[in-house]
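Examining the three-dimensional arrangement
The primary structure of each chain is shown beneath.
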Amino acid sequence: MFSWLANAWRVPELRRRVLFTGLILALYRLGSWVPAPGVDSDQIKGYFNNQGGTILGLLNVFSGGALSQFSLFALGIMPYVTASIILQLLTVVVPKLEQLQKEGEAGMAKINQYTRYLTVALAAAQSAGYSYLFQKQGALTNNSGRLVLIVITLTAGTALLMWMGELITKRGIGNGISLLIFASILATAPSGVAAWYNGGPLEKLFFPLIALAIIVAVVFIQEGQRRIPIQYAKRMVGRRQLGGGSTYMPLRVNMAGVIPIIFAAAVLALPQTVGSFSPNAQTFINKHFAYSSLTYLFVEAALIVIFTYFYTAVQFNPVDQADNLRKYGGYVPGIRPGPPTAQYLDRVLTRLTLPGSLYLAGVAVLPSLFIKYGGFQQATSRALGGTSVLIVVGVALDTMRQMESQMMMRSYEGFLK
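**Concerning the overall build of the protein chain**
Summing up its helical and strand segments, the protein chain has 17 helices and five strands in all. The proportion of buried residues among the 417 residues of the protein chain is 47%. Of the contacts made within the protein chain by residues no fewer than 6 positions apart, 74% connect residues no fewer than 24 positions apart. Carbon and sulfur atoms provide 64% of the accessible area of the protein chain, an area that totals close to 21,000 Å².

Written out as structure tokens, the structure is:
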């Protein structure tokens with residue numbers, strides 16, 4: 001590993017990309033400590049000390065603790081992630097977006113532009129909801145003009161983060177948006193370690209074993225795949241024989257990644273936002289949609305399973321894959337090309353998605369059950385829980401693959417063997 005890191009540092013281009021990514025992430029963490037204008041960070045922190053078991057605690061982790069300080073980057077990059085997921089889901093429903101997706105680079109540029117517009121709208125709505133909620137709870141004591149300034153500042157902060165993530169993707173080591181979430185979760189890890197160190201004897205003994213088991217399970221499922229054999233027919237072009245050979249089509253067990261968990265958390269955050277504007281509904285929401293309640297956990301698990309199937313269907317279209325195989329002379333041995341191949345791929349994908357969706361639901365729900373029935377502290381399980389480990393390990397594996405591909409282009413030995 002150390003020799004691989006040394007070889008990576010010797011490559012000037014890769015070294016510049018790593019340093020540029022580190023600089024952007026440092027600026028992101030700096031902005032997470034700068035409070036928004038007219039905000040008393042101590043009052044916001046005092047309010048968040050009693051919110052560890054609510055959805056606000058989870059959103060605070062995704063923002064790297066910036067939400068508990070109501071800083072410039074309090075919303076984090078979650079509005080952009082939510083907007084991206086919504087646009088991807090709408091491509092199945094709206095024919096115009098589906099047509100743009102098939103137009104190649106020009107169409108994707110327009111979809112990205114729509115995503116940016118939707119991100120600004122979602123950021124404005126979320127910042128207004130948080131401002132109203134904190135003001136109603138006494139954590140903010142500002143007039144209407146100052147609240148408008150706070151909303152504009154937080155919305156601009158989200159737009160700036162979106163631009164920083166795109167810079168990392170273009171000029172850094174890639175996965176800009178994922179790396180921002182990665183840095184946010186790692187920023188809360190020290191508080192989780194401190195809470196574990198100061199916890200009880202059972203927590204000190206069992207939590208490292210549970211965390212290690214989650215990491216092993218995450219790596220095992222993330223790397224698991226079903227390889228569909230593909231055979232290409234030989235063709236005669238003049239006197240030359242072209243084509244032929246065999247390969248495989250990898251179908252991952254967890255093709256949706258961590259997107260269903262993030263989207264389920266975003267959907268379940270809507271009742272809290274709506275309840276902040278309606279005092280009568282706030283009592284009902286706090287009773288039935290508290291983060292540790294069984295109702296919330298059941299709804300979260302169901303949403304994760306549903307979104308896993310739906311997002312997998314968006315990412316992988318068996319009909320298009322079967323058509324592409326037939327165009328290039330490929331076929332699955334024992335399966336006729338065309339509709340039979342599409343049905344076969346759909347059947348295999350459906351069987352793979354079931355364990356993948358149950359795995360995601362278990363990783364998201366089990367830490368909350370450990371909190372409620374195992375006596376673990378909120379700070380420990382939130383910072384080092386299943387959702388956090390899943391995102392961190394997934395982003396780390398994807399980043400290492402991208403860096404390995406750049407290393408292999410220069411004839412260096414890769415890291416992942």
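On we go.
**Considerations on the packing of helix H7 (residues 105-136) against helix H8 (residues 144-171)**
It is the contact of H7 with H8, at a shortest axis distance of 8 Å, that shows an interaxial angle of 140°. With respect to H8, the element H7 is oriented oblique. Crossing of H7 against H8: the hand is right-handed. Packed against H7, whose contacting residues are Arg116, Thr119, Val120, Ala123, Ala124, Ser127, Ala128, Ser131 and Gln135, the element H8 presents Leu147, Ile150, Val151, Leu154, Thr155, Thr158, Met162 and Glu166 at the interface. For the contact of H7 with H8, the residue count by class is nine nonpolar, six polar and two charged.

**Points about the environment of leucine 180**
Examined against the element boundaries, leucine 180 turns out to sit in helix H9 (residues 176-197). As a C-alpha pair, leucine 180 and serine 63 span 117 residues in sequence and 9.0 Å in three-dimensional space.

**A word on the nonpolar core**
Core analysis: the biggest nonpolar cluster contains 72 residues, and Ile77, Ile228, Met249 and Leu390 have the highest contact counts within it. Ranked by the residues each element gives to this core, the list is headed by helix H15 (residues 339-374), at eleven residues. Dropping the residues within four chain positions of it, isoleucine 228 is found in contact with Thr247, Tyr248, Met249, Leu251, Val332, Tyr344, Leu345 and Val348. Counting 18 residues, the second largest nonpolar core, distinct from the first, contains Leu59, Leu75, Ala123 and Leu140.

**Digging into the layout of surface pockets**
Counted as a void, the largest pocket has a volume near 1,300 Å³. Around the largest pocket sit 44 residues that line it, and Gln88, Asn175, Ser178, Ile259 and Tyr311 are the ones nearest its centre.

**A word on the packing of aromatic side chains**
Aromatic rings considered in pairs are described by the distance between their centres and by the relative angle of their planes. The tally for this structure, following the rule as stated, stands at one aromatic pair. Stacked on the ring of tyrosine 28, the Lys or Arg arginine 29 has its end atom at 5.7 Å from the ring centre.

**Brief notes about helix H13 (residues 294-315)**
Its 22 residues give H13 an end-to-end C-alpha distance of 31 Å, which sits within 8% of 32 Å, the value for a rise of 1.5 Å per residue. Of all the positions in H13, only Tyr296, Leu297, Glu300, Leu303, Ile304, Phe307, Thr308, Tyr311, Thr312 and Val314 are classed as buried. Take H13 and look down its axis: the buried residues cluster within an arc of 155°, on one side only. Exposed and facing more than 90 degrees away from the buried side of H13 are Leu294, Phe298 and Ile306.

**Structural notes on the pattern of salt bridges**
Side chains that carry opposite charge are capable of pairing whenever their charged atoms lie near each other. Taken as a whole and assessed by the stated rule, the structure comprises two salt bridges. Of the charged contacts, one joins arginine 116 and glutamate 166 as a salt bridge, the two residues approaching to 3.1 Å between their closest N and O atoms. One end of the pair, arginine 116, is in helix H7; the other, glutamate 166, is in helix H8, with 50 residues separating them in the sequence. Take arginine 116: its relative accessible area is 24%, and that puts it in the partly exposed class. Across the pair arginine 326 and aspartate 323 runs a salt bridge whose closest N-O atoms are separated by 3.4 Å. Note that arginine 326 and aspartate 323 are positioned in helix H14 (residues 318-327) at a spacing of three residues, about one turn of the helix.

**Regarding the confidence of the model for the protein chain**
Residues with a pLDDT of 70 or more make up 81% of the protein chain, whose mean pLDDT is 78. Taking the mean pLDDT of every element in the protein chain, the minimum, 61, falls on helix H16 (residues 378-384) and the maximum, 87, on H8.

**Remarks on helix H2 (residues 12-31)**
In this model H2 runs 29 Å from its N-terminal to its C-terminal C-alpha over 20 residues, within 8% of the 28 Å that 1.5 Å per residue would give. Within H2, burial applies to Leu14, Phe20, Thr21, Ile24, Leu25, Tyr28, Arg29 and Gly31.

Conventions we followed
Residues numbered from 1 in each chain as written. Predicted model: local features only at pLDDT ≥ 70, side-chain atom pairs only at ≥ 80, totals over all residues. Heavy atoms only, no water. Helix = DSSP H or I, 4+ residues; strand = E, 2+ residues; numbered from the N terminus. Buried < 20%, exposed > 50% of the residue type's maximum accessible area, 1.4 Å probe, protein only. Contact = heavy atoms within 4.5 Å. Areas by Shrake-Rupley, 256 points an atom, 1.4 Å probe, with all protein chains shown as cover. Axes fitted to C-alpha atoms, helices over the stretch in contact; angles between N-to-C directions. Parallel < 35°, antiparallel > 145°, perpendicular 65-115°, else oblique. Left-handed = near helix turned anticlockwise from the far one by under 90°. Nonpolar A, V, L, I, M, F, W, Y, C, P; charged D, E, K, R; others polar. Core = buried A, V, L, I, M, F, W, Y, C linked by side-chain atoms within 4.5 Å. 1 Å grid on protein atoms, 1.4 Å probe; cavity = no way out; pocket = protein on both sides within 12 Å on 5 of 7 lines; lining within 4 Å. Points joined across faces, edges and corners; volume = space filled by probe spheres on them. Phe/Tyr/Trp six-rings, centres within 6.5 Å; stacked < 30°, edge-to-face > 60°. Lys NZ or Arg CZ within 6 Å of the ring centre and 35° of its normal. Expected span 1.5 Å × (residues − 1). Arc of directions from axis to C-beta. Salt bridge = Lys/Arg side-chain N within 4 Å of Asp/Glu carboxyl O. pLDDT = per-residue confidence, 0-100.

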